[in-house]
Amino acid sequence: MARESVKPEVMSPVGGWPQLRAAVEAGADAVFFGVEAFHARAKVGFTNEELPDLMRTLHGRGVLGFVTFNVLVFDRELREAERQLIHLAESGVDAIIVQDHGVARLAHEICPDLPIHGSTQMSITSAEGAELARRFGASRVVLGRELSLRDIGRIAAQTDVELETFVHGALCVSYSGQCFSSEAWGGRSANRGQCAQACRLPYELFVDGVRRDLGDARYLLSPGDLYALHQVPDLVALGVNCLKIEGRYKDADFVALTTAAYRKAVDEAWAGLPLSVTPDEERDLEQVYSRGLGPHFLSGTNHQQVVRGRAPRHRGVRVGTVRGITERGVLVELSGEVKPGDGLVFDPANWRTPEGREEGGFLYGLWQRGRQVETVRPGETAELRFGRGAVDPARVRVGDPVWRTHDPGLAARVKPLLEASDPVHTRPVAAHFRGHVGEVPTLTLTDERGRSVTATLPDPLQPARNRALDGATLTEQLGKLGGTGYHLAGLTADLGGPGFLPVSALNALRREAVERLTALRGQAPERRIQPRLDDVLREAISTPPQATSDKPHPRLHLLVRTPEQLDAAIEERPDSITLDYLELYGLKPSVERVRAAGVPVRVASPRILKPTEQNLQKFLLSLKAGVLVRSGGLLEGLQGTPDLPPLTGDFSLNAANVLTTRALLDLGLTRVTPTHDLNAAQITELAGLVGPERLEVVAYGHLPVFHTEHCVFCRFLSSGTDYTNCGHPCESHRVALRDERGRTHPVLADVGCRNTVFEGRPQVAGAHLGEWLAAGLRDFRLEFVHETPQEVREVVRAHRAFLAGELNGRGLEDRLRALSDQGTTEGSLFVPEGFDLLPALPVV
C-alpha cells in the first residue's frame, strides 16, 4: 500500500500557557493538552472556560490543537463524557486523542466531523491494531514507543491510517495502556491519569531465590529518555504523519528547546538537507531534561541500553568524576565545562541514601594549585567549592559521577523563544491589492490554507499629484507584518490609473485585513454536533433475560503457565483450561492432553503482536482450541476468518464500560474479561448492562503490574542484546523483583520475549463473589503464576467449597491467604467507601 508523501507535523506537549507560547514560537505545527477531565496527566491542563480562547490563539498562529481524552471511561461517567465531547467539538479542537474504544465510537457518533486519534494507550503495534482503531472512528493512531524503524515501515506499508510516533521524552517501561502497577499498589490507575511511577523505584533482583548484586543498577525498571533527532530523516522517508514530543509536565524551556530542534530537523529532512544539529544544541537538549538520552527501541532492540538503572531522575549532562575530597571542596576530573552558578550533583548510584537524597548544590568556584580559576580544560582535575554546608563531603565517594543538572546559561539561550517581542515562526500570506482611481481600494489576504478576507478603505482612490502607487511601495508598506504572526509570501496588484494613498491609509488597510484574517482563522469550524449517548446506549445495553428458575451452574476456568500446573488442573477437571506458555513448542501436546481429558481447552495469545509476529495467529488457530484474545491487533486480524474457535476477550482489551464491551462482543467474542481498572462493584454494574453471561471475571490471580518490551532476563542474566544472542535465560531461571516493602514479585517472559512483572500476592475476590453470583455472573477464572501443583489444587478446591456453600467469603479468603507466603490482596477489586451511594448509569 503506497503512502502519500507528507511533511510530518511537529507536535509539542503543553501543560499550561507558558508552554503553549513556547511551542508556538518554537515552530510547533500542533500541540496536545488536556482539558479538565478525562486525560492522562491529571495535574496539568486547561479549563473548559479557557478552551475557546485557547483554540482561537492557536488557530490565529496556524497551530493545531489536539485534546487528550486518553483515559478509560466508566459507565457512571458516560453522561459527563458526552457533555465534554460536545464542548470540545463546539470549541473547535482539531482532534481528540482517545484510548477507550467505546468512547471513540461515541465521539464519532456525536460529531462525525471531529477527527479522532487513537492514543498510544490503545497499545497499537501493528497495521491490524491501526485498522481496529479505524473501525472505531480513528483517522490517526499513535504507535507504541517500543517499535523499531523497521516495524514502523512495515506498518506504514500495510495501512493508510495516519501514523504518529513519539520522538522525544520519557519512556514508560510498560506498554502504555498495559500497566497496572499504580492500580495494584496505590489504588490509582495509570489508565485514568493517575500514574504513581512505580517503575522509577528501586528493586532487588532474585534469581532462583538468590539475591543478585546489580551493581549500580538498582532502578532496573526505569528507562532512559527517548531522543530520536537523528532518526527524523528516516521517519520522514517512511511517511509518518506526526512526530510527537512527550512532556506535559515539563516547563517552557523544555518545550521551546525540543520543539525548535525537531522543527529544524523536519524542515531539513523534508528539503533533503543533512541534519545540522550542533554538539552544543544536543548538549542543551540533554541539559534541559534527561535521564540519559537515546533512540532506544527505534534503532532496534538492545536490552543493555534501554534501562541503565543507575538513577530514576533528571541527570542533565555528565561533567566529571570525583577523584578526592579536600578540606573545602571536592576534587573532580572534569569531562565537560563547568562554571560558577552551575547546579551540580554527585551521583551515589547504589549507595543507599536516606529518602533518596543526593549531595549537590550550586558551584561557588573552581581552584587549581591553590588559585581560583575561571575555566578548566576537559581531562584536568579541579577543586570544586560550594556554599557553606551545601555539600557533605562524607557522603561523596571517589568514583562518583558528577552531573550538571542546572545551567544558568541555558535560560539566556532559550530566552529568544520565550520572550520574543515579535513572533519567531510566522505563517505565509499572499496579498492582492486593487486600486483603481475613483473606486475604493481593497486588500485581500489569503493564508496557507486558502482562507481569504478583504478589507476596504472608506474613500475612493484619488489621482496622484506627484508619485503614484507602484508595486515596490505596496510591497514595502503591506509587508510590514511584524508582530502579527504572518509574513508576506507574495503580492499582486491591480492598479487602474495613477493613484495615491498616504502611508497611514495603507497601514490602516493592512491592519484591518490582518485583524479580519486572524478572526477568520480563529473561528470554530461548523460541525454537525448532536447528543447521541441515549441512542447508543439503547443499542448497547443488553435486554434482561426472562426470569427462570434454572440458573446456570457456576463455571471455573483455570489458566496455567507450566506443565506441572497443567497436571494439577487436569486432575481437578474444571470447566475449561487455558494454556499461557512461554514456549510455543509445548502448546500442541498440552492442548491434546487437555482435549483427551474431556476438558474444553483455550490458548492465550500475547498481549502485543508486532508486524513480524502475525504468523502467530495462524499457529494459534491451527491448534483448534479456543483463544483468549489479549491483543486488539489479533482481534482485528481474526475478523472475517471462517470457522473460528470460541474467542474470549481478556482484560488487556481494556473494556471499562458497556459501550466498549458491547463493541468487542460484536467483533465475535463470546465473553469479555473486564479491565483490571474496574472495582468489584463496577464489574457487577457492567454485568447488569451488558448481560452477566457475556462476562468472564478473574476471581483469583496475580495482577500483571508491568508488561514491558524490556527484558530483565536479557539485561541482567546475559551480556546479549536481544533474543538472538542472550542465551534464553528465561527458559532456565526463575526471576523475581523485591520492592522496598519487602514484597517479591515474579517476572515471566512470553513468546515475544516481553516480560510481565506480576504482583506477588494473589488478588482474591472472596469478599465479592456473593454479589457477583447474585448479579448472575457464572464464569470465574483462576489464574496461576508461580503456584505449585498442590497450591493449584487447593485454590480450586477452596473456590468449589465456596460455590457449594461450604465456605463463606471470609472463609474463602482465609483459606487462600494461608496458601500464600506473602498473603493475599483485594487489589483492584477494592470498593471505596460510599461508592454504592453514587447514582448508576440511568436506564434509557
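Please refer to the structure higher up on the page.
Residues numbered from 1 in each chain as written. Predicted model: local features only at pLDDT ≥ 70, side-chain atom pairs only at ≥ 80, totals over all residues. Heavy atoms only, no water.

> Summarise the overall build of the protein; cite the residues concerned and give the values.
Counting secondary structure elements, the protein contains 24 helices and 38 strands. Taken against the 2.2 N^0.38 rule, which gives 28 Å for 844 residues, the C-alpha radius of gyration of the protein at 31 Å falls within 12% of a compact globule. Here the C-alpha coordinates of the protein stretch approximately 110 × 80 × 50 Å along the principal axes. Classification of the 844 residues of the protein by burial places 58% in the buried group. Considering only contacts within the protein whose residues lie at least 6 apart along the sequence, 71% involve residues at least 24 apart. Surface summary for the protein: the accessible area is close to 34,200 Å², and the carbon and sulfur share equals 50%. Taken together, the 96 basic and 108 acidic charged side chains of the protein have centroids lying 2 Å from each other. (Helix = DSSP H or I, 4+ residues; strand = E, 2+ residues; numbered from the N terminus. Rg over C-alpha atoms; globule rule 2.2 N^0.38 Å. Buried < 20%, exposed > 50% of the residue type's maximum accessible area, 1.4 Å probe, protein only. Contact = heavy atoms within 4.5 Å. Areas by Shrake-Rupley, 256 points an atom, 1.4 Å probe, with all protein chains shown as cover. Lys, Arg positive; Asp, Glu negative; His and termini not counted. Charge placed at Lys NZ, Arg CZ, Asp CG, Glu CD.)

> Which residues make up the pattern of salt bridges, and what values do they have?
Inspection of the entire model under this criterion finds 67 salt bridges. The shortest N-O distance in the salt bridge between R135 and E636 comes to 2.9 Å. Here the residue R135 occupies a position in helix α5 (residues 127-135), and E636 occupies one in helix α18 (residues 632-637), the gap between them amounting to 501 residues. We classify R135 as partly exposed; its relative accessible area is 37%. Across the pair D447 and R521 runs a salt bridge, and its minimum N-O distance is 2.8 Å. Of this pair, D447 sits in the loop between β21 (442-446) and β22 (452-456) while R521 sits in helix α13 (residues 503-522), and the two are 74 residues apart along the sequence. Relative accessible area serves as the criterion here: at 1%, R521 is assigned to the buried category. What emerges from the salt-bridge pattern is a single network uniting R555, R561, D580, R602, R630, D650, R671, E696, D779, R781 and E783. (Salt bridge = Lys/Arg side-chain N within 4 Å of Asp/Glu carboxyl O.)

> Mind laying out the environment of E50, listing which residues take part and the relevant values?
Note that E50 resides in the loop between β2 (30-33) and α2 (51-60). The exposure class assigned to E50 is partly exposed, which follows from its relative accessible area of 25%. Along the backbone, E50 and V35 are 15 residues apart, and their C-alpha atoms lie at a distance of 8.9 Å.

> Please set out the sheet that holds strand β36 (residues 755-758) residue by residue, giving values where relevant.
Strand pairs in the sheet, formed through backbone hydrogen bonds, run parallel or antiparallel to each other. Strand order in the open sheet made by the six strands is β9-β8-β34-β35-β36-β33, with antiparallel pairing throughout. Of all strands in the sheet, those bounded by a partner on one side alone are β9 (210-212) and β33 (704-708). For this sheet the average axis-to-axis angle between neighbouring strands, irrespective of direction, equals 30°. (Pairing = 2+ DSSP bridges. Axes fitted to C-alpha atoms, helices over the stretch in contact; angles between N-to-C directions.)

> Requested: an account of α13, with residues and values cited.
Along its 20 residues, α13 runs 28 Å from first to last C-alpha, staying within 8% of the 28 Å computed at 1.5 Å per residue. Looking only at α13, the buried set comprises A505, L506, N507, L509, R510, A513, V514, L517, R521 and G522. Here the buried face of α13 lies against α2, β20 (427-436), β21, β22, α12 (471-478) and β24 (486-496). (Expected span 1.5 Å × (residues − 1).)

> Just give me the short version of the side chain of R561, but keep the residues and values in it.
Among the secondary structure elements, R561 is positioned in the loop between β26 (555-560) and α15 (563-572). For R561, a relative accessible area of 12% puts it in the buried group. Reaching out from R561, the side chain makes a polar contact with the side chain of D580 at a distance of 3.2 Å. (Polar contact = N/O pair within 3.5 Å; in protein donor to acceptor, adjacent residues only side chain to side chain.)

> Break down helix α14 (residues 533-540) for me, citing the residues and quoting the values.
Those residues of α14 lying buried are L533, V536, L537 and A540. Buried residues along α14 cover an arc of 100° about the axis, so they all sit on one side. Looking at the buried side of α14, the elements it contacts are α3 (78-90), α4 (101-110), α19 (658-665) and α20 (680-690). (Arc of directions from axis to C-beta.)

> Explain the pairing of strand β19 (residues 401-406) to me, using residue names and the numbers behind them.
As paired strands, strand β13 (residues 317-325) and β19 are joined by four bridges and run antiparallel to one another. Across the sheet, G320 pairs through a bridge with V402, a residue of β19.

> Provide a residue-level description of the pairing of β33, including the pertinent values.
Burial analysis of β33 places five of its five residues in the buried class, which makes it a mostly covered element. Bridging between β33 and β36 involves four bridges; their strand directions are antiparallel. Bridge pairing links F706 to V757 in β36.

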